[in-house]
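Residue-level structural notes
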Amino acid sequence: MIILRVTPTYVAIEGLSDLNIIDSISEEISCFEPSYKYSPSFKYGGWDGKKRLLTPSLRFPSGLLVRVRDFLVKKKLEFSIEDSTIFPERNAASPWQGHKLYDDQEEVIEKIMAVPRGMVKIGTGGGKSEVLARVVSEYNVRTMVYVVSLDLLSQMRETLERSLGCEVGIVGGGVCDIKNVTVCSVWTAGLACDQKDI
């Protein structure tokens, strides 16, 4: 039987050796890279333009658990999900001091708050930082927000401080100042954990 062993950040698939099913799962949770059409590898047929989110060790981001579960159900495969994740209890929401959000942003927040985990895709200019700040406000628990660049580190900190009305910590760019809400560079976190492949 297939076991989906869930951690806060990834899911490990155990008991699956059928290469056709593995390839199908990989295809199910893959996505096109930005600007893939301009890559020489894509242009000359050496790459299909997709980022593969299923690793060779059969691990994938935990936010994709529902998609993999639904795929296994559709294929009528027997599986179990073992999830020992402990989710924080929500506190009363902290006062929101950010901009009034648009209806579509409010809809996204409702969907986020209705499930314990997932992945959110919002287009350029769609207000990802504001949506994230509102979710942090709604949960009102110790929070670490990871970003991929020093520009985003500073931008996210400013957005969170403005929207939450509190001092926000920062980890990255040579600074380690941890607060109740902290923004962290994934590269700094990776170096701290001795991870080479982030």
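The preceding data block contains the structure.
Heads up: these notes are all about the structure in this document. (Residues numbered from 1 in each chain as written. Predicted model: local features only at pLDDT ≥ 70, side-chain atom pairs only at ≥ 80, totals over all residues. Heavy atoms only, no water.)

What follows concerns the overall build of the protein chain. Of the regular secondary structure elements, the protein chain holds seven helices and ten strands. For the protein chain, the residues scored as buried account for 36% of the 198 residues in total. In the protein chain, 57% of the contacts between residues at least 6 apart in sequence involve partners at least 24 apart. In the structure as shown, the protein chain presents an accessible area of about 12,700 Å², 55% of it carried by carbon and sulfur atoms. (Helix = DSSP H or I, 4+ residues; strand = E, 2+ residues; numbered from the N terminus. Buried < 20%, exposed > 50% of the residue type's maximum accessible area, 1.4 Å probe, protein only. Contact = heavy atoms within 4.5 Å. Areas by Shrake-Rupley, 256 points an atom, 1.4 Å probe, with all protein chains shown as cover.)

On to the sheet that holds strand β1 (residues 2-6), then. Ordered in space as β5-β2-β1-β6, the four strands form an open sheet in which the pairing is mixed. Only two strands of the sheet have a single partner each, and these edge strands are β5 (59-61) and β6 (79-83). Looking at each pair of strands side by side, their axes are set apart by 20° on average, direction ignored. Bridging between β1 and strand β2 (residues 10-14) involves four bridges; their strand directions are antiparallel. Following the sheet pairing, L4 is matched in β2 by I13. (Pairing = 2+ DSSP bridges. Axes fitted to C-alpha atoms, helices over the stretch in contact; angles between N-to-C directions.)

Quick look at the nonpolar core now. By size, the foremost hydrophobic cluster in this structure holds 19 residues, and its most contacted members are L4, I13, I25, I29, L54 and F60. Secondary structure elements with two or more residues in this core: β1, β2, α1 (19-28) and α3 (65-74). Looking at this core, the element that brings in the most residues is α3, giving four residues. Those residues in contact with L4 that lie beyond four places of it in its chain are V11, A12, I13, L65, V68, L72, F79, S80, I81 and E82. (Core = buried A, V, L, I, M, F, W, Y, C linked by side-chain atoms within 4.5 Å.)

Further remarks concern unusual backbone geometry. Residues other than glycine seldom take positive phi values, yet L58 does so here, at roughly 60°. Along the chain, L58 turns up in the loop between β4 (50-51) and β5. A positive phi angle, near 55°, is found at N140, a position not held by glycine. For N140, a relative accessible area of 26% puts it in the partly exposed group.

The next subject is the side chain of S129. Take S129: it is sitting in helix α5 (residues 128-139). Exposure remark for S129: the relative accessible area of 15% places this residue in the buried category. With residues up to four places along the chain from it excluded, the contact list for S129 reads Q155, M156 and T159.

All chains considered together, the criterion is met by two aromatic pairs. Relative to F42, the ring of Y36 has its centre 4.9 Å away and its plane inclined at 85°; by these criteria the two rings are edge-to-face. According to the relative accessible area criterion, F42 is partly exposed, its value standing at 29%. Taken together, the ring pairs in this structure connect F32, Y36 and F42 into an aromatic cluster. Here the guanidinium or amino end of R90 rests over the ring plane of Y139, the centre of that ring lying 5.4 Å away. (Phe/Tyr/Trp six-rings, centres within 6.5 Å; stacked < 30°, edge-to-face > 60°. Lys NZ or Arg CZ within 6 Å of the ring centre and 35° of its normal.)

A few words on helix α4 (residues 103-113). Within α4 the residues assigned to the buried category are Q105, I109, I112 and M113. All buried residues of α4 project into a common sector of 90° when viewed along the axis, lining one side. In α4, the exposed residues that point more than 90 degrees away from the buried face are D103, D104, E110 and K111. Along its buried surface, α4 packs onto α5. (Arc of directions from axis to C-beta.)

By themselves, these figures tell us nothing about what the structure is for.
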